[in-house]
There are 2 protein chains.
Amino acid sequence: MGARLFDVKQSGRRARRRGESRALALGILPELIGYHLRLVQRAIFADFAESVGAEGISPGLFGVLVLVEANPGLKQQRLAEAAHLDRSSLVPVIDKLEAKGLVERRAADRRSNGLFLTAEGTALLRSLKRRVRRHERRVVENLSAREQRELIRLLGRILPGKR
Amino acid sequence: MGARLFDVKQSGRRARRRGESRALALGILPELIGYHLRLVQRAIFADFAESVGAEGISPGLFGVLVLVEANPGLKQQRLAEAAHLDRSSLVPVIDKLEAKGLVERRAADRRSNGLFLTAEGTALLRSLKRRVRRHERRVVENLSAREQRELIRLLGRILPGKR
């Protein structure tokens, strides 16, 4: 559709047949690590949605299920901190997981409620983990084990004070 | 608040004074590249919001402004593809930039409209780019030039077919 911008001799229709392979000018973007991370993040999100997200489970919801399983009785405030969400953003997430019957709020000690997986949540998470591991193998399939470690090391050095 | 889960001898109040440094159990998450990328992405987003986003400009909106400047008369469909958004997600983004007086839709050729920066958009983008470069320097400050190149190379090998 926009091919005329880049080659006035080529009709839009012909460009569409050729898959509109002519690249846009990207300006400053390719110099920015943040831009590359955003592209990768989007690709991972898309693959996750296709391969794991059949039940409407996003990477963030998956992360919440994993944290609740690993920390039975987890308090919402603590989970909000771990998930880097403010409490008002976390509440609808928990509501959603509770409505799906995956998580329940019940007494964690004498004074307050905590979060627990339901039996259904535990079973779904078992299946999700299998799918996430397959998804993760696709994510890293072009990286050697050494490169995967190196990538995690380099990522760990980005804005460590902001985690 | 949830410190009792991890050390029953320590009161929640004392834990809060100590900054609740006791870590949650993270289960499978640290094994997943997607999890590390999400943490980094969030840290970058937070730094961007603090240092660049005064006018409510997110990294995504900044990217759209850069693409429109670099490709005057850009068609919305082409921009949606470049920004990896479906057209229905892009329309409110463009509406927002148009309402701010930064972008305008006008005739790009005889048959259709394209996107252009306004004078105000051009001026704001100049200032944003300066701030984004400062933000980017913070993002990479713990990485050598070689490590930055290596990081971009490794990121480029993740799900190349999904970009």
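Residues numbered from 1 in each chain as written. Chains lettered and ligands numbered in written order. Predicted model: local features only at pLDDT ≥ 70, side-chain atom pairs only at ≥ 80, totals over all residues.

## Some details on the nonpolar core
Step number 1: Counting 55 residues, the largest nonpolar core has L65, L67 and V68 of chain A together with F62, L65, L67 and V68 of chain B as its most contacted members.
Step number 2: Ignoring any residue separated from it by four or fewer positions in sequence, one finds L67 of chain B in contact with L24 and G27 of chain A together with L74, L79 and A82 of chain B. (Core = buried A, V, L, I, M, F, W, Y, C linked by C-beta atoms within 7 Å. Buried ≥ 20, exposed ≤ 12 C-beta atoms within 10 Å, placed from the backbone. Contact = placed C-beta atoms within 7 Å.)

## Focus on the relation of the copies chain B and chain A
Step number 1: When chain B is fitted onto chain A, the two copies agree to an RMSD of 0.0 Å after a turn of 180° and an axial shift of 0.0 Å. What we have between these two chains is a two-fold relation. Judged by C-alpha distance, L151 of chain B is the residue of chain B that lies nearest the rotation axis, at 3.2 Å.
Step number 2: Of the interface residues in chain B, 100% have counterparts in chain A that sit at the interface too, so the contact is made through matching surfaces. (Least-squares fit on C-alpha atoms with pLDDT ≥ 70 in both.)

## Observations regarding the interface of chain B and chain A
Step number 1: Listed as interface residues are 61 residues of chain B and, on the opposing side, 61 residues of chain A.
Step number 2: Taken together, the elements giving at least two residues each to the side of chain B that touches chain A come down to α2 (33-51), α3 (59-70), α4 (76-82), α6 (119-139) and α7 (145-156) of chain B.
Step number 3: Considering every element that reaches the side of chain B that touches chain A, the biggest residue donor is α2 of chain B, with 15 residues.
Step number 4: Tallied by class, the residues present in the side of chain B that touches chain A amount to 33 nonpolar, twelve polar and 16 charged. (Helix = DSSP H or I, 4+ residues; strand = E, 2+ residues; numbered from the N terminus. Nonpolar A, V, L, I, M, F, W, Y, C, P; charged D, E, K, R; others polar.)

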